Each structure stands twice: as structure tokens, then as C-alpha cells.
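Descriptive structure summary
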Amino acid sequence: MTQDSAQRVVVGDVEVVRVVEWQGPFATAGELVPSAGGETWKDNQDWLAPDHWDPESDRAVMALQTWVLRSGGRTILVDTGVGNGRERPGSPQFHHWQGDFLGVLERAGVRPEDVDVVVNTHLHADHVGWNTRAADGGDGSGGTGPADDHGGGEWVPTFPHAEYLVPAADDAHFGPDNAYGGGRSQSDRFVYEDSVAPLHRAGRIVLWDGVHRIDEHLTLESAPGHTPGSAVLRLASAGERAVFVGDLLHSPVQILDPAHSSCFCLDARGAAVSRRRILERAADERELVVPAHFGGSGIAEVRREGSGFRIAGRGLRVRR
């Protein structure tokens, strides 16, 4: 693995580029990972701060980011952030958000028409927002086209040539038929209607379940719990490995003890089972762990320690 100052990493024959939409203090530590306990954060302050925790405000520091993979001559995006001009009443910080994600993406060398594949690890708002853009440019993205009675215009795929890989179980849960029953809030409906349903209408979506192979280097694998269809993306190339774990991890304190689920996990117990399984394999096979929201470098090397894990190079301590 090689890494440079432009936040580009090479894993085997695959280039990985980090594109950050937003980064800063978010929820308090106790709100984000309720079962971890304040002492865990305090006992590990020397390495959690400032990249992962702001002790003064007791807020977890998080990033909203997309990972760009260049593999086998194709460009793949892993998750697409918050998006502009969205109705997000449940997330005031990102309600009607306006940012320069497409500009940041272009400065990283990626135009929307260059993208071949979009991976949504799951269908929460901060992972699907740039799946689409307003056709009339009402979201600040500069699009052109017809508008309807939607406040931001008609939503169309941001990446016009891409296939969008979406976990079938999440599409069933968050979609209008709500096959799993319950748990579909007004916010969920907004997210599905502006960031997922337009992909169905455009014929750009591919639903998958279990395991889905993208190419010789990249494989999607179900890891349910955070949502019914939560997935990880495995990268294996030229003897090197990485795993993009989405929201199985929101904070490094969950590496110390994988039993700690975030407040956003729909099935906390199921998420903990998936988290331990993924971390065990990452430690045993020396996979780089790439969560959706870590600050700092955004990447962790995980090793076993007792019944839990540690990040390589860190003197992690957890109170039992």
C-alpha cells in the first residue's frame, strides 16, 4: 500500500481516492455510541483527539466522504454523501444543504460522466444524496432540464452512465412497499423518493443480495444489522486487501469492543455480529478497514487484542 498527501491510496492495482463532502464535530460521544461509556473516550483521549473526538464539546468528529476507486479501467464510487437541496427534517444540519461536492469530485479528477459504477453500502441519507441531482439545477448542482412541482425540480441520476448497486433488502425496507414492516419514517420516504426512486425510473439501478462481484478486484458482501441490507465492499488485488465497511463503524471505540453499536443501527445486535465478523477477518487477513465516517486518514489497520481489537500503532485502552 502507498499513500500520498492528496489522500490517494494504492491497494495492489487499485487506486483509492478520498473525497470529503463535510467534516467536523457531530453528535456527542454518548449519543453516537450509547453503550461505550464516557470513560472509554476519556481513557483513549490521547489518540481519539482531535481526529475522532473533541473533548471540549464531547462530540465525535466525523466525515461525510465518498471513496473513488479506479479498478480495471473503470471508476467506482463508494457512497455518495448528503446531496444538495434535500428535504431532511430529521437532520437539521443537512436540511437544504448546499455544498461543492461535485466540484471537489472534479478536482479529484472525476466528472459525473466518468463514473461507471456507484455502490450504496446502504440507503441512509448520508450515503445516497448525490445519487441524483435536480434536473433544473435547483439543488445548486448546475443541471439543466425540465422542472415539475418538486421544490428542487425533477431528480435525475447524477452519474448518467453509471449502474447503481443497491442492496435489495434495503430497497425493500425503505421503498414504498416496506416489505420489512415498520421503521419507515417521513425522513426515510424523502430519502427514497429523491435519491433512490429516480434511479428505478431511469433504469440505472441493480439490486443484489448475498454476494455480488463487481470485477476481479471488488466484491460486495451483505453485512446486515445497521440496516437490513447493509453491505461491505472487499478489495483484493496483487496480494493486498481492504474492506469498505460503510456504517458498521462510526467511531474507533467500536473497534475496541465490537459489541458497541451506534444510535443509527436499526438492529444493534445484528450489527454487532456483522461488525465482529468483519473485524476478525480484517485482522486475520491484514485488510485495511475503511469506514464511511472516520476522520484523520479515514483508514485503520486492525489487530486482535484479547476479546476485542486495536488499531495498529495505537496504544488503545478500553475499560472493562
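Residues numbered from 1 in each chain as written. Predicted model: local features only at pLDDT ≥ 70, side-chain atom pairs only at ≥ 80, totals over all residues. Heavy atoms only, no water.

Under the defined criterion, the tally for this structure stands at seven aromatic pairs. Note on Trp22 and Phe94: the rings are 5.5 Å apart at their centroids and 85° apart in plane angle, and the pair reads as edge-to-face. Remark: Phe94 occurs in the loop between β6 (74-78) and α4 (101-107) and Trp22 occurs in strand β3 (residues 14-28); sequence separation between them is 72 residues. For the pair formed by Trp22 and Phe94, the shared burial category is buried. Here the aromatic cluster, defined as three or more aromatic residues joined through ring pairs, consists of Trp22, Phe26, Phe94, Trp97 and Phe264. Seen from the ring of Trp155, Arg86 lies directly overhead, with NZ or CZ sitting 4.0 Å from the centre. (Phe/Tyr/Trp six-rings, centres within 6.5 Å; stacked < 30°, edge-to-face > 60°. Helix = DSSP H or I, 4+ residues; strand = E, 2+ residues; numbered from the N terminus. Buried < 20%, exposed > 50% of the residue type's maximum accessible area, 1.4 Å probe, protein only. Lys NZ or Arg CZ within 6 Å of the ring centre and 35° of its normal.)

Here Pro160 is to be found in the loop between β9 (155-157) and β10 (163-167). Measuring from C-alpha to C-alpha, the distance between Pro160 and Pro252 comes to 36 Å, with 92 residues separating the pair along the chain. Apart from residues no more than four positions distant in its own chain, Pro160 is found in contact with Pro112, Glu113 and Arg204. (Contact = heavy atoms within 4.5 Å.)

What follows is about unusual backbone geometry. In this structure, the amide linkage connecting Ala49 to the following residue, Pro50, adopts the cis form with an omega of 0°. Checked against the element boundaries, Pro50 lands in the loop between α3 (45-48) and β4 (53-54). Within the chain, Asp58 stands out as a residue other than glycine whose phi angle is a positive 55°. Taking relative accessible area as the criterion, Asp58 reaches 32% and is therefore assigned partly exposed. One non-glycine residue, Asp79, lies in the positive phi region at around 70°. With respect to the element layout, Asp79 can be found in the loop between β6 and α4.

This part is about the pattern of salt bridges. Taken as a whole, this structure holds 17 salt bridges when the rule is applied. Of the charged contacts, one joins Arg111 and Glu113 as a salt bridge, the two residues approaching to 3.5 Å between their closest N and O atoms. What makes Arg111 partly exposed here is its relative accessible area of 40%. Look at Glu113 and you get partly exposed, because its relative accessible area is 37%. For Glu287, the salt bridge goes to Arg281, with nearest N and O atoms at 3.9 Å. Among the ionic contacts, a cluster of salt bridges with common partners joins Glu221, Arg234, Arg241, Arg277, Arg281, Glu285 and Glu287. (Salt bridge = Lys/Arg side-chain N within 4 Å of Asp/Glu carboxyl O.)

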